[in-house]
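A structural walkthrough
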Amino acid sequence: MLVPLTGIYLLAMLVTLTDLGGSFPFMGRLYSGDKAEELIFANCIISLYLIVGILKRQRLTLWLLIAYNFIASASGMANLLMLPLQQVVTSTGALVPDYGYRITAFSVFLLFLLLNVFLYFHRDRFDNKSIYLW
């Protein structure tokens, strides 16, 4: 049950790494340059921590996963509502029409919410109460 969850966050980390060198939308703002690289690096470090925490079945990681998912879904919706859509599509280099980006952003929002529901109902699988990964 936890191995596919690890794969999801590993894939999300790799997708985030592909944005390195480009612009990065976060919480309704479009970052570029050094600030975007810092945000991408921080996101990857957090994702790596979450991946190791899932593999160790750490209880603290469960609540960090839920918080991370809420922040990611809030950021996606803020980007969708506050940023001009054409600016996001052209800055990220996406080759999808505007409506395709809207559908994708909303689908990711729903995916994170469903993932939180899944995590909450399977919280008993996270039985390691240690706060340390190593």
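Quick note: structure is the one above.
Residues numbered from 1 in each chain as written. Predicted model: local features only at pLDDT ≥ 70, side-chain atom pairs only at ≥ 80, totals over all residues. Heavy atoms only, no water.

Structural notes on the pattern of salt bridges
Here is the rule we go by: What makes a salt bridge here is a side-chain nitrogen of Lys or Arg within 4 Å of a carboxyl oxygen of Asp or Glu, nothing more. Runs of E in the DSSP output that reach at least two residues are strands. Runs of H or I that reach at least four are helices, and both are numbered from the N terminus. A simple rule labels every residue: compare its accessible area, found with a 1.4 Å probe on the protein chains alone, to the largest value its type can have, and call it buried under 20%, exposed over 50%, or partly exposed in between.
By the definition in use, this model includes 1 salt bridge. Salt-bridge contacts for Arg57 lead to Asp127; the nearest nitrogen and oxygen are separated by 2.8 Å. Here Arg57, found in the loop between α2 (34–55) and α3 (59–82), pairs with Asp127, found in the segment after α5 (98–121); they are 70 residues apart in sequence, far enough to count as distant. A residue is classified by how much of its surface remains accessible, and Arg57, at 36% relative accessible area, is partly exposed. Given a relative accessible area of 43%, Asp127 falls into the partly exposed group.

A look at α3
In an α-helix there are 3.6 residues to a turn, and that puts residues three or four apart on one side. The criterion, for reference: Each residue after the first adds 1.5 Å to the expected span of a helix.
Between its terminal C-alpha atoms α3 stretches 35 Å, which fits the 34 Å expected from 24 residues at 1.5 Å a residue. Listing the buried residues of α3 in full gives Thr61, Leu62, Leu65, Ile66, Tyr68, Asn69, Ser73, Ser75, Met77, Ala78, Asn79 and Leu80.

Quick notes on the nonpolar core
Heads up, the condition is: Put simply, a nonpolar core is a bunch of buried Ala, Val, Leu, Ile, Met, Phe, Trp, Tyr and Cys residues held in one set by side-chain atoms that sit within 4.5 Å of each other.
Counting 20 residues, the largest nonpolar core has Leu5, Tyr9, Ile54, Leu65, Leu119 and Phe126 as the members making the most contacts within it. Contributing elements (two or more residues each) for this core: α1 (2–18), α2, α3 and α5. Here this core gets 7 residues from one element, more than from any other, and that element is α2.

Some points on the packing of aromatic side chains
We count it as follows: The rule is short: rings of Phe, Tyr and Trp, with Trp giving its six-membered ring, pair when the centres are within 6.5 Å, and they are stacked under 30 degrees, edge-to-face over 60, tilted in between. By definition here, charges over rings are those cases where NZ of Lys or CZ of Arg is within 6 Å of the ring centre and within 35 degrees of the ring normal.
All chains considered together, the criterion is met by 3 aromatic pairs. Consider the rings of Tyr120 and Phe121, whose centres lie 5.9 Å apart with planes at 70 degrees: the pair is edge-to-face. With a relative accessible area of 40%, Tyr120 lands in the partly exposed category. Over the face of the ring belonging to Tyr120 we find Arg123, whose NZ or CZ atom lies 4.1 Å from the ring centre.

Describing the environment of Arg29
Cut-off, in case you're wondering: Here, residues are in contact when the closest pair of their heavy atoms is within 4.5 Å.
Looking at the secondary structure, you find Arg29 in strand β2 (residues 29–31). Residues Arg29 and Ala78, 49 residues apart in the sequence, show an inter-C-alpha distance of 8.5 Å. Filtering out sequence-adjacent residues up to four positions away, Arg29 remains in contact with Phe24, Asn79 and Leu83.

So, α2
Taking 1.5 Å as the rise per residue, α2 with 22 residues should run 32 Å; its terminal C-alpha atoms sit 32 Å apart, in good agreement. Turning to α2, its buried residues are Ala36, Leu39, Ile40, Asn43, Cys44, Ser47, Leu50, Ile51, Gly53 and Ile54. Buried residues in α2 make contact with α1, β1 (24–26), β2 and α3. One or two positions beyond α2, positive phi appears at Arg57, with a value near 55 degrees.

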